[in-house]
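# Inside the fold
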Amino acid sequence: MPSPSEEFLALYDAQLRTDAETPSALSVTMLGELRLVTFANGRGFITYPHITDQAPQSLAELVPAALEHFTQQPEIRTVEFKTRGHDHAPGLAQRLEELGFVAEPTESIMIGLMQTLISDQPTPEGVEVRQVTTPAEIEQMCRMVDQAFGEPYDPATTDALISRSATKDGMELWVAIIDGHMVGAGRLEPVVGTEFASLWGGGVLPEYRGRGIYRALTDARARSALSHGLRYVHSDSTEYSRPILESQGLLKVSTTTPYVWNREV
């Protein structure tokens, strides 16, 4: 009998890979098992279904042609190749690095029942948790999240989220505000055609951590997802958020490591 983590991993592979990952794609090209996805604002993305040792061609063999697909598009500035720890992919990391891809921090693939994220704790005193929708608010949110993760502000992320928001595809952007200042944020993304919603981009400014703000943001997104009939939750989590999600009943079922290539200018 499969364990709960094995059951959740099977749901992840069946419902959350390929089409479900790229709802806002401008175009998708198949290369063997790989899906080569073009997004707005010069972003390329490479993903694939669950790979076992029965695959007719290794992922590593496909990488050069996949990268060439994007280098031939001058508008593409960056490409992410999304790898998973439970796939059969011998030599993939080495081939990516040989071609100029750089590994970003590995994250935990967390899966669980949405209901487990509902907290019995009140929103911390003095904290307002709400959705944002205007371009100005979205830019402010993106600047704050980059600051929370110690990264330089990337306007491409803002542009992409503003474009997504305009499509009204179900994505929700939630922020935590103290004294008029955004101090935390996170996205809720219902996965069309599945029982899942994903939590993305969760972050709280370092000086405000440990006050229950991340929990409050998670609670608000979970309540919204349940109101739309979504049963399961997925999150690719950093080591900041993984322990919090584990304490709320989510299970680590695998890992994901993004490899990023940037065009030289």
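As a reminder, the structure under discussion sits directly above these lines.
A brief report on the enclosed structure follows. (Residues numbered from 1 in each chain as written. Predicted model: local features only at pLDDT ≥ 70, side-chain atom pairs only at ≥ 80, totals over all residues. Heavy atoms only, no water.)

### A word on the overall build of the protein chain
Tallying secondary structure elements over the protein chain gives seven helices and 12 strands in all. Taking 2.2 N^0.38 as the reference for a compact globule, 265 residues should give roughly 18 Å; the C-alpha atoms of the protein chain span a radius of gyration of 19 Å, in line with that estimate. Seen along its three principal axes, the alpha-carbon backbone of the protein chain occupies a region of about 55 × 50 × 30 Å. Considering the protein chain as a whole, with its 265 residues, one finds that 46% of them fall into the buried category. Counting contacts in the protein chain only where the partners sit at least 6 residues apart, residues at least 24 apart contribute 74% of the total. (Helix = DSSP H or I, 4+ residues; strand = E, 2+ residues; numbered from the N terminus. Rg over C-alpha atoms; globule rule 2.2 N^0.38 Å. Buried < 20%, exposed > 50% of the residue type's maximum accessible area, 1.4 Å probe, protein only. Contact = heavy atoms within 4.5 Å.)

### Comments concerning the pairing of strand S9 (residues 181-190)
The buried count for S9 comes to eight of 10 residues, which makes it a mostly enclosed element. Sheet topology note: the strand S8 (residues 172-178)/S9 ladder contains seven bridges and is antiparallel. Residue pairing in the sheet places Trp 174 in a bridge with Gly 186 of S9. Connecting S8 to the antiparallel partner S9 that follows it, the hairpin turn spans two residues, and Asp 179 within it adopts a positive phi of roughly 50 degrees. In the sheet, S9 pairs with strand S10 (residues 196-204) via six bridges, with the strands oriented antiparallel. Its bridge partner lying in S10, Pro 190 is registered against Ala 197. In this antiparallel pair of consecutive strands, S9 and S10, the connection spans five residues, and Gly 193 shows a positive phi of 80 degrees. (Pairing = 2+ DSSP bridges.)

### Describing helix H5 (residues 155-167)
Helix length check: H5, at 13 residues, gives a terminal C-alpha distance of 19 Å against a target of 18 Å (1.5 Å per residue), a fit within 8%. Those residues of H5 not exposed but buried are Ala 156, Thr 158, Ala 160, Leu 161 and Arg 164. In this fold, the buried residues of H5 make contact with strand S3 (43-47), helix H4 (135-148) and S9. Sitting at the head of H5, Asp 154 places a side-chain oxygen 3.0 Å from the backbone nitrogen of Ala 156. At the exit of H5 stands Lys 168, carrying a positive phi of roughly 55 degrees. (Expected span 1.5 Å × (residues − 1). Polar contact = N/O pair within 3.5 Å; in protein donor to acceptor, adjacent residues only side chain to side chain.)

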